[in-house]
Amino acid sequence: MTSAQTQTITVGVTGASGAIFAQKTLALLEDDSRVTRVHLVVTETGQRLLAEELEITSGDLRQLPSRILGRASKKTETISNKDVGASIASGSYDVDAMIVVPCTMGALAAIANGTSDDLVARSADVMLKEGRKLILCVRDTPFNRIHLENMLRAQQAGAVIMPVVPAFYHKPKTIDDVVTQYVCRVLAHAGLPQEKMYRWTGSAPAMKAES
Ligand SMILES: Cc1cc2nc3c(=O)[nH]c(=O)nc-3n(C[C@H](O)[C@H](O)[C@H](O)COP(=O)(O)O)c2cc1C
């Protein structure tokens, strides 16, 4: 951890469906007083998905965080995915956790096989080699054998595989309820438990049929 109180987080956004999950992740990190810095890396297809699904166009990458958040960003800074010499490409730079949300099968393959050929893959590789938290919010359906083997490979190297699979036990009423609960679970795994996360406390015992 950066210090006892503060955290630096990297968020990778790749070109899988579910840009809204990236948007919610960045919003909750922005509002979290334990987080001082967020490094945002968006792949080329990730930018395309932000445009397709949320109508957020990239333009100047420096403006991207505020476009995604819909308000000024105080702590999120975009780094080009081509900049493999950025701070987060080195293990000597302290990052507490990295979340790839959503994570394509392509990015998963690059991470599982250590290709490090762009900044998302390289910074994820660094997280694994340094024994730090890496969470992959993989998204596709159905999975083929290559996807499943890559998930196992990445998990065995230390990544947490958290497929973008929503829960319904908290009785969500809106899409935002569904997205928030999933992202809260991700952030809890990143060491940032959220107060708004619904916690299951067990269901009432099933009624016994009267004989
Ligand atoms: C509209 C759209 C939706 C896509 N959805 C997914 C998806 O859900 N999962 C996935 O693995 N790839 C998906 N893809 C394909 C990836 O974007 C593609 O494989 C790309 O090369 C991944 O690059 P990246 O990992 O650098 O972002 C989608 C592409 C488009 C254009």
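Keep in mind that what you see is a predicted model, and the values were worked out from it rather than measured.

The next point concerns the sheet that holds strand β2 (residues 35-42). Spatial strand order, β3-β2-β1-β4-β5-β6: six strands in an open sheet with parallel pairing. Because the sheet does not close on itself, it has two edges, and the strands there are β3 (76-78) and β6 (160-161). Where strand β1 (residues 7-13) meets strand β4 (residues 97-103), four bridges bridge the pair, whose relative direction is parallel. Bridged to Val11 within β4 is Ile99. Of the strands in this sheet, β1, β2, β4 and β5 (133-138) are in contact with helix α5 (residues 119-129), which crosses β4 at around 140°. Those strands touched by helix α7 (residues 175-189) are β4, β5 and β6, and its axis lies near 160° from that of β5.

Near the ligand lie 16 residues; those nearest to it are Thr14, Gly15, Ala16, Thr43 and Thr104. At the level of elements, α2 (44-54) and α4 (105-112) are the ones that each hand at least two residues to the shell around the ligand. Broken down by element, the shell around the ligand gets its largest block of residues, five residues, from α2. The residue inventory of the shell around the ligand, partitioned by class, reads four nonpolar, eight polar and four charged.

All right, on to the pairing of β5 then. Among the six residues that make up β5, five are buried, leaving the element largely enclosed by the rest of the structure. Looking at chain direction, β4 and β5 are connected through five bridges and run parallel. Pairing of Val100 across the sheet is with Leu136, part of β5. The sheet contact formed by β5 and β6 spans two bridges and is parallel. When the bridges of β6 are listed, Leu136 appears paired with Ile161. Following the chain from β5 across helix α6 (residues 145-156) to the adjacent parallel β6, one finds a crossover that is right-handed.

So, how was this worked out
- Residues numbered from 1 in each chain as written.
- Predicted model: local features only at pLDDT ≥ 70, side-chain atom pairs only at ≥ 80, totals over all residues.
- Pairing = 2+ DSSP bridges.
- Helix = DSSP H or I, 4+ residues; strand = E, 2+ residues; numbered from the N terminus.
- Contact = placed C-beta atoms within 7 Å.
- Axes fitted to C-alpha atoms, helices over the stretch in contact; angles between N-to-C directions.
- Near = placed C-beta within 6 Å.
- Nonpolar A, V, L, I, M, F, W, Y, C, P; charged D, E, K, R; others polar.
- Buried ≥ 20, exposed ≤ 12 C-beta atoms within 10 Å, placed from the backbone.
- Right-handed = clockwise from strand over helix to strand, strands pointing away.

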